[in-house]
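# A look at the structure
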There are 2 protein chains.
Amino acid sequence: MFRILAGRALTPEGWQDGVEVAVGDDGRIVSVAPGHGAAADRTVPVLLPAVANLHSHTFQRAMAGLAERRGPAGRDSFWTWRAVMYRFLDLLDPDDVEAVAAMAFVEMLEAGYAAVAEFHYLHHAPGGAAYADPAELAGRIAAAAATARIGLTLAPVLYRRGGFDGAPLAGGQQRFGTTRDGFARLVEASGRHLAALPADAGLAVAPHSLRACAIDDVGFAAELLPQRPVHIHVAEQEAEVEACLAATGARPVAHLIDRLAVDGRWCLIHATHMTPQETAALARSGAVAGLCPVTEANLGDGIFAGAAFAGHGGCFGVGTDSNIRISLTEELRQLEYSQRLRERARVVLASAERSAGRFVHAQALAGGAAALGRDSGALAPGLWADMVALDPDRFAGSGAGDGLLDGWIFTGSDAAVTDVWSAGRHAVRDGRHVARAAVARRYRGVVERLAGRL
Amino acid sequence: MFRILAGRALTPEGWQDGVEVAVGDDGRIVSVAPGHGAAADRTVPVLLPAVANLHSHTFQRAMAGLAERRGPAGRDSFWTWRAVMYRFLDLLDPDDVEAVAAMAFVEMLEAGYAAVAEFHYLHHAPGGAAYADPAELAGRIAAAAATARIGLTLAPVLYRRGGFDGAPLAGGQQRFGTTRDGFARLVEASGRHLAALPADAGLAVAPHSLRACAIDDVGFAAELLPQRPVHIHVAEQEAEVEACLAATGARPVAHLIDRLAVDGRWCLIHATHMTPQETAALARSGAVAGLCPVTEANLGDGIFAGAAFAGHGGCFGVGTDSNIRISLTEELRQLEYSQRLRERARVVLASAERSAGRFVHAQALAGGAAALGRDSGALAPGLWADMVALDPDRFAGSGAGDGLLDGWIFTGSDAAVTDVWSAGRHAVRDGRHVARAAVARRYRGVVERLAGRL
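How each quantity is defined
Residues numbered from 1 in each chain as written. Chains lettered and ligands numbered in written order. Predicted model: local features only at pLDDT ≥ 70, side-chain atom pairs only at ≥ 80, totals over all residues. Heavy atoms only, no water. Helix = DSSP H or I, 4+ residues; strand = E, 2+ residues; numbered from the N terminus. Expected span 1.5 Å × (residues − 1). Buried < 20%, exposed > 50% of the residue type's maximum accessible area, 1.4 Å probe, protein only. Polar contact = N/O pair within 3.5 Å; in protein donor to acceptor, adjacent residues only side chain to side chain. Least-squares fit on C-alpha atoms with pLDDT ≥ 70 in both. Contact = heavy atoms within 4.5 Å. Core = buried A, V, L, I, M, F, W, Y, C linked by side-chain atoms within 4.5 Å. Phe/Tyr/Trp six-rings, centres within 6.5 Å; stacked < 30°, edge-to-face > 60°. Arc of directions from axis to C-beta.

This next bit is on helix α2 (residues 94-111) of chain B. Residues and elements named next belong to chain B. With 18 residues, α2 should reach 26 Å at 1.5 Å per residue; the first-to-last C-alpha distance of 26 Å fits that figure. In terms of burial, α2 is a largely internal element, 17 of the 18 residues being buried. A side-chain oxygen of the first residue of α2 lies 3.0 Å from the backbone nitrogen of D95; this N-cap is D93. Positive backbone phi, at 110°, marks G112, one or two positions downstream of α2.

Here it is, written out as structure tokens:
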């Protein structure tokens, strides 16, 4: 048991001054009550529930910044970026995967995330040969999470084909593919690796996309773990929407909702290109929209219909996706700023009661917890103690009520994060991850070797 | 004289390893040559020319984060934000103006800017009464620049009317207005305050906008200092374009270019809403487009026609404008990301030779120097020694050639800035401004007093 005394905290009852949070040895919050500090192990000026990062491909962190130049064809797109990513995939061995994941997890914690859903599609060796343990690389992700102390929801990916035309997997994609049976074995073996992690770790399943899985394969994956989250990429690119329409007669989001029981277990990643009818149907389904604003801007995907989706009562959260830049404040800021540029208005994602900063933060808390299948998202007894402490002298704003979140998110940065606990594990102290030095040293070695071979 | 030895530097001849930069006691670069380090006063891993921030209203830093909630009318816009800003204006006294400006300048330097163009329209006391010295507040900006050691181009603003309809100035605007004669006296008095600053400080003139100045007033201001830059807000809002069209028969950018000799002396701030013909004409004029991507996203203004403007050979730079968030990397990143979202493509502002990071950085260097009328923008003998040193372990990417700028801008942040020199003045050391503690203490006192009265 340990106790944190917060000068100001965001509780389920709203903002409160002088709050003591007690955390049990199992990593769950025991109590949240007015505090005096006599018994506190640590005093912090501001304490918030920490957001879960609902979408990450950690290995892509090692190619961050390497694809910001024009391809030979002149103008670039998502698809030329993907070509660089596939070349990169030929180089990564299991040690590399673990080192890069550990670095990305450390950076996520330092940015104020307490947990992550790793959308994990890198299963086999380059060329497609299976490892002796089919979940070798899932095990490496789990080991990296243990090193970094992050809360992990591991989502093994079902990847069946090269496109809507049923093309066989080629090039970098050969590392992704499994049969249905192979996927079931992979999920089971991944679960064994997670058993070595603390009890807040868990599985999800991730049919990759309608490009890579026919609708029946998506349904198969979703039924494999009936109590756990289902993640799928959908409608990120216009070309993908056109191909889906041509192959199935329906647009991707409509196709999913028409054919499968999409509900609160589901997290639809991106959902960038929807008709107004699809937007309303997705909101009503209870599924989480998994938005990745920084990556979507980097890839030029387009802008989610945020105002309409929120107007229909939809729930969303945020993910770092390609990990081109790992920053929670920037993810939330870019989310709202993309909406403002789309709508040519200010304060789009907000309500009469909640400022823009409070609104996107509250959605990210709820959406992240739902998408990870994680008991988190609030400072409340019984939930995992996912908490972040801030130094309010590191950002502007009023510091009063929701103004504190407006200040952190719109004027500040990761630099304000002083402490992060993930299910009670104290991973960041005084702004720095406790294992940063060793993790960064190992990561640098990997990146230097890869840079010489790209 | 002092010497910096850089492991890698961006010189007019491109990237070079092992470069020694010698800086004279007058703050200008004496030589840039292959270096051995025997005589170096400081060794840094990476040295770049520092960008000039071409558009700032420093006083707005004190309201950063205070206007991110909905107004009483529900949906917000630029105009509701402006209403908050005008209320705020009633509270600021000269000491406040100086304290807030000093804080903003310190933050700009820590973000990697060496100089700033302050678009200064706060001339009088609340209610519009003149101070004994008409340039009292200009003097406070100059004093803040001296405290912060930033390179200052002060642009006193001519503000004549409340709108295209010639409405008299009301409310907060009463602090802005002058006659033509009053403006001439104000510019002259401002020049006397600048005489107390180092020799790199200078004046510009700033007719506020076509809203606030009829075209003849714009011309009057532009002729006042024929060798110095002319700054004007233009076409930020669609409502402003409509009002200009109704009042003058022309859209704002077309109206300016048709009626006045717009050339390389001019910096047109925002220029968000242009026809393709206006975009081409602006590029051909040689004027700098003064883009403020973070503020323009915060205000929901819309997205500049970057690809077309760059295609016509136009020159742009970046400004922190409202100072909602002061971050050079984020300004450059948001610039390119807004373009990608507009075009639904990657790597929009780039060329066959230059990556996205290098391209926007090169434009910001050239555009900033031109807009400030400042001998800067490169590590070259004779220019002011505006330089920034980076720690490449604080961002990802290859670190090789332009990849270094892609890494800093797309994966990194201000946290990578270790040192900044402005005309040779060493303002930031080890990531921290040399006067931060005292400036921040004074700023906090001001903000706390204002917060209680807003």
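As a further point, take the relation of the copies chain A and chain B. Turning one copy of the chain about an axis and sliding it along that axis gives the other copy, so a rotation and a shift relate them. Each copy of the sequence occupies a distinct position, and chain A is placed on chain B by a rotation of 180° and an axial shift of 0.0 Å, giving an RMSD of 0.0 Å. Here the two chains are linked by the operation of a two-fold rotation axis. Interface overlap between copies: 100% of the residues of chain A at the interface are likewise at the interface in chain B, consistent with a symmetric, same-surface contact.

A general tendency of soluble globular proteins is for nonpolar side chains to be buried together. Core analysis: the biggest nonpolar cluster contains 274 residues, and A:F105, A:L256, A:W266, B:F105, B:L256 and B:W266 have the highest contact counts within it. Setting aside residues no more than four positions away along its own chain, B:W266 makes contact with B:V218, B:A222, B:V230, B:I232, B:L256, B:L260, B:A261, B:A287 and B:V288.

Before going further, it helps to examine the packing of aromatic side chains. Residues and elements named next belong to chain A. Scanning all chains against the criterion turns up 12 aromatic pairs over all chains. Both rings, one in F59 and one in Y121, keep their centres 5.8 Å apart while their planes meet at 85°; by these two values the pair is edge-to-face. With F59 in the loop between β5 (51-56) and α1 (78-89) and Y121 in the loop between β6 (113-120) and α3 (136-148), this residue pair connects regions lying 62 residues apart in the sequence. Judged by relative accessible area, F59 falls into the buried class, the value being 6%. Judged by relative accessible area, which is 5%, Y121 ranks as buried. Taking 5.7 Å as the distance between ring centres and 35° as the angle between the ring planes, the aromatic pair formed by Y337 and F410 counts as tilted. Here Y337 is found in helix α11 (residues 328-343), whereas its partner F410 is found in helix α13 (residues 403-411), with 73 residues between them in sequence. With relative accessibility at 1%, the residue Y337 sits in the buried group.

Moving on, we come to unusual backbone geometry. Not every positive phi belongs to a glycine, and A:R344 is a case in point at roughly 50°. Mapped onto the elements of the fold, A:R344 is located in the loop between α11 and α12 (356-372). Its relative accessible area of 41% is what places A:R344 among the partly exposed residues. Of note, the phi angle at B:V347 is positive, near 50°, even though the residue is not glycine. Among the secondary structure elements, B:V347 is positioned in the loop between α11 (328-343) and α12 (356-372). Taking relative accessible area as the criterion, B:V347 reaches 1% and is therefore assigned buried.

With that settled, the discussion passes to helix α14 (residues 436-451) of chain A. Residues and elements named next belong to chain A. Compared with an ideal rise of 1.5 Å per residue, which puts 16 residues at 22 Å, α14 spans 22 Å between its outermost C-alpha atoms and is within 8% of the ideal. Of the residues making up α14, those classed as buried are R436, V439, A440, Y443, V446, V447 and L450. Summarising the axial view, the buried residues of α14 lie within an arc of 125°, below the 170-degree limit, and thus occupy one face. Summarising the geometry of α14, the exposed residues directed more than 90 degrees from the buried face are R441 and E448. The elements touched by buried residues of α14 are α1, α2 (94-111), α3 and β17 (432-433).

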